Amino acid sequence: MPKVVTRFAPSPTGNLNVGGIRAGIFAYLFARHNGGKFIVRIEDTDKERSKKEFEDNIFESLAWLGIDIDATYRQSKHAARYEELLRKLIAEDKIYVAKEEPKEPDGRSEVIRFRNPNKIISFFDAVHGQIEFDTTELKDFIIAKSFTEPLFHFAVVVDDWDEGVTHVVRGEDHISNTPRQILIQEALGVPRPKYAHLPLIVSSDRSKLSKRKGAVAITEYKKLGYVPEAILNYDSFLGWHPAGEKEIYSKEELITEFTLDRVQKSPAMFDETKLLWFNHEHLKKLSDSEYAARLKEFAQKDVDPRLVPLLKEHAKTLKEAAKALEDEFDFLGGIAYKPEFLLQGGKITAEVASNHLKTLSEILQNIPDEGFTPAQLKDILWPYATDQGRGEVLWPLRVALSGREKSPDPFTLCSILGKAETLERIAQALQKL
RNA sequence: GGCCCUAUCGUCUAAUGGCUAGGACAGCGCCCUCUCACGGCGUAAAUCGGGGUUCGACUCCCCGUAGGGUCACCA
C-alpha cells in the first residue's frame, strides 16, 4: 500500500472548469511528488443532476491536461457497500430511522439520521493548522435518504476508507463539512485521513468561482487555442508558489517542487490576462516541430515550417496563430498585388515606388543566397532606406513581397522567400505600377 | 444570524522577528519601427485599523473591521 493516496472527487453535474480542476491538480501533484497514487472518484449519488456527458467531459479534460489516473471509482456502483455499513451502524444504534414531516413536495416521510455524540472535534489541516469545531450545532444530521440512498458525507467517508485514501486534498468550502465526516469515521471505526483544505478560487467579485460567475470549462480553453501546459502551470500557481522567481514550469517540474507547506491560505482570483501570458510563454517553449504539429491539429491545415518561429513570437494562442495564417502570414502562396496597397493608399507615388523597387532589386541581385538572412539584409538595405526615406522604400518592398497591408518585416520576408522568389515578386509588382 | 476560514502593490505572490518590503501579469512612459504584433528599458503601485509582546514586527498574541465559506432528504 503506497504511503500516499489522494483523490479527486468531482460530481458530474457540469463541465469541468478551471476552478473545479484546481483541487484535482493539487491532489495530483501532491500524490506524484510523494510517489503515491492518484485516484478519481465520480460522485454521482445525485441521480437527478448527474449526467454521462459531464463525466465524459471530466475525463477528457483530465487527459488533455496530462493528469494520469491510477484508478477510477464511481459512487453509484457502491450501493451494496453503503447499505451493508448503514445496516451495521443501525444495528449498533449509531444511526436511526426517523419519521419526518416532509418539508419539500418530494420529501420522504422516513430518513436515516446520525446519532450525534455532540462533542468537540479537533483536526489538523495541512494548510490552516489546528481547527476546532463544536458538532452540537449539527444536531442529528441526515446521512441517508434510505438504506440504498446514502448522502454525500456518508458516501465520502466510506469511499475514502475503502479506496485507501490517506490525504484528502480539497477546496476550503469543505472545511465545515470535515467535522461531520470525522464523526461518521469514528462511528464506523475507520482511520482519519490527513486533511489539506485549499483556498478557493474566486471570481472578480471575490465570491466562489462558478459557472455563472465566468468559470470557463477546460475544454473551452482548448478550443480557444490554449495549451494544457499553460492551464496546468497557471492553475498550480493559484494558491501555491514554489521558492524562487521562476514562473514557467513543466508538469514534471511542478511535481518536483510541489509541497503543501507552500500552499496559500487566502483565496486567489482567476486572472484571464495572466493565463494568456502563461500560454504565450509555453507556446514559445515548444520546439518548432511540436509547435507546427499542435497548430496543424488546431487549425486543421499544414503549417509551413518557415513560418513557425514567426508565429511563436506573434501569437499568444493557437487560435491567434491560426488567424495569422489566414491573414498577415498568408503570403507564401500566390498573392494578388493591389497598386493602392503598394502606394500605401496614395501616400507614395507610383514613380517613387517604382524607382525604389528597381534599385532594391539591383542591390538584392548582388547579394549571394547565403546573405539572405534578416540581419544581413537589414544591414545592407538599411542605409539606402534611411537615406531615401524608410517609408517610401520599405513599404513598397514589404507589400511587393507580401501583397498585404500587414505582414512580417521586409527583411524577414526576403529571407523566407529566398533570393529568386524575392526578385520575381518585385518584378511582378513593378508591372502593376 | 450561528459557526468556521482569511487579510502584503489593481491581480498572483516573495520576505516564516532584523530588507531601500522583492518578482510576475496588467497599467503608464520611453525606445524599437515600413505595417500588425513581438521585444527592450524605465516608472508608479502594498503590509486593513487599534492595542500589546519585543531592542526590533509584514511576520507572534488580543480586539475591531472587512471579505469569503458553511449551516439541504446537493455534492
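Small disclaimer: the values here were computed from a predicted structure and weren't measured.

Draft legend 1. Region of interest: the environment of Arg81. You can see Arg81 is positioned in helix α3 (residues 79-91). On the basis of relative accessible area, Arg81 is assigned to the partly exposed category, the value being 24%. Distance from Arg81 to Asp140, taken between C-alpha atoms, is 23 Å for residues 59 residues apart in sequence. When residues no more than four places from it in sequence are discounted, the contact partners of Arg81 are Val158, Trp161 and Asp162.

Draft legend 2. Focus on the pairing of strand β1 (residues 5-8). Side chains of β1 alternate between two faces, with Val5 and Arg7 and Thr6 and Phe8 buried alike. Pairing analysis gives four bridges linking β1 to strand β2 (residues 37-42), with the strands arranged parallel. Within β2, the position partnered with Phe8 by the bridge is Val40. For the crossover that starts at β1, traverses helix α1 (residues 18-33) and ends in the parallel β2, the hand is right-handed.

Draft legend 3. Seen up close, the nonpolar core. Grouped together as the largest cluster of nonpolar side chains are 92 residues, with contacts concentrated most on Ile21, Ile67, Ile231, Tyr291, Leu295 and Leu311. The element best represented in this core is α1, accounting for ten residues. Here Ile21 is in contact with Phe8, Leu16, Leu62, Leu65, Ile67, Ile218 and Asp235, once residues within four sequence places are set aside.

Draft legend 4. Here's a closer look at the pattern of salt bridges. One pass over the structure, following the stated rule, counts 36 salt bridges. A salt bridge links Asp56 to Lys52, with the shortest nitrogen-to-oxygen separation between them at 2.8 Å. Taken together, the residues Asp56 and Lys52, both in helix α2 (residues 52-65) and four residues apart, mark about one turn of the helix. Taking relative accessible area as the criterion, Lys52 reaches 55% and is therefore assigned exposed. Between Glu326 and Lys301 there is a salt bridge, and its shortest N-O distance comes to 3.2 Å. With Glu326 in helix α12 (residues 318-326) and Lys301 in the loop between α10 (288-299) and α11 (308-314), this pair connects stretches of sequence that are 25 residues apart. Look at Lys301 and you get partly exposed, because its relative accessible area is 31%. Salt bridges here are not isolated pairs; linked through shared partners, they connect Arg7, Arg41, Glu43, Asp159, Asp160 and Glu163.

Draft legend 5. Broad picture of the protein's contact with RNA strand B. Around RNA strand B, the structure places 64 residues, and the nearest of them are Asp46, Arg108, Gly239, Glu247 and Glu313. Residue Lys145 places a side-chain N or O atom 3.4 Å away from a phosphate oxygen belonging to RNA strand B. One of the side-chain nitrogen or oxygen atoms of Asn177 is found 3.3 Å away from a base nitrogen of RNA strand B. Contributions of two or more residues to the surface near RNA strand B are made by β7 (129-134), β8 (142-146), α4 (152-162), β13 (268-269), α9 (272-285), α11, α16 (390-402) and α17 (410-417). Here the element with the most residues in the surface near RNA strand B is α16; it accounts for five residues. For the surface near RNA strand B, a count of residues per class yields 21 nonpolar, 17 polar and 26 charged.

Draft legend 6. Expanded view of the UniProt feature "binding site: ATP" (unreviewed entry) in chain A. Mapped onto this structure's residue numbering, the UniProt feature "binding site: ATP" (unreviewed entry) falls at Lys211. For Lys211, the position within the fold is in the loop between β12 (201-202) and α6 (218-223).

Draft legend 7. Layout of the confidence of the model for chain A. Across chain A, the average pLDDT comes to 91, with 98% of residues at or above 70. For this predicted complex, the interface confidence score (ipTM) comes to 0.94, while the overall pTM stands at 0.93.

Reading the values: the criteria
Residues numbered from 1 in each chain as written. Chains lettered and ligands numbered in written order. Predicted model: local features only at pLDDT ≥ 70, side-chain atom pairs only at ≥ 80, totals over all residues. Heavy atoms only, no water. Helix = DSSP H or I, 4+ residues; strand = E, 2+ residues; numbered from the N terminus. Buried < 20%, exposed > 50% of the residue type's maximum accessible area, 1.4 Å probe, protein only. Contact = heavy atoms within 4.5 Å. Pairing = 2+ DSSP bridges. Right-handed = clockwise from strand over helix to strand, strands pointing away. Core = buried A, V, L, I, M, F, W, Y, C linked by side-chain atoms within 4.5 Å. Salt bridge = Lys/Arg side-chain N within 4 Å of Asp/Glu carboxyl O. Near = heavy atom within 4 Å. Polar contact = N/O pair within 3.5 Å; in protein donor to acceptor, adjacent residues only side chain to side chain. Nonpolar A, V, L, I, M, F, W, Y, C, P; charged D, E, K, R; others polar. UniProt positions renumbered as here; feature names shortened; annotations may be inferred. pLDDT = per-residue confidence, 0-100.

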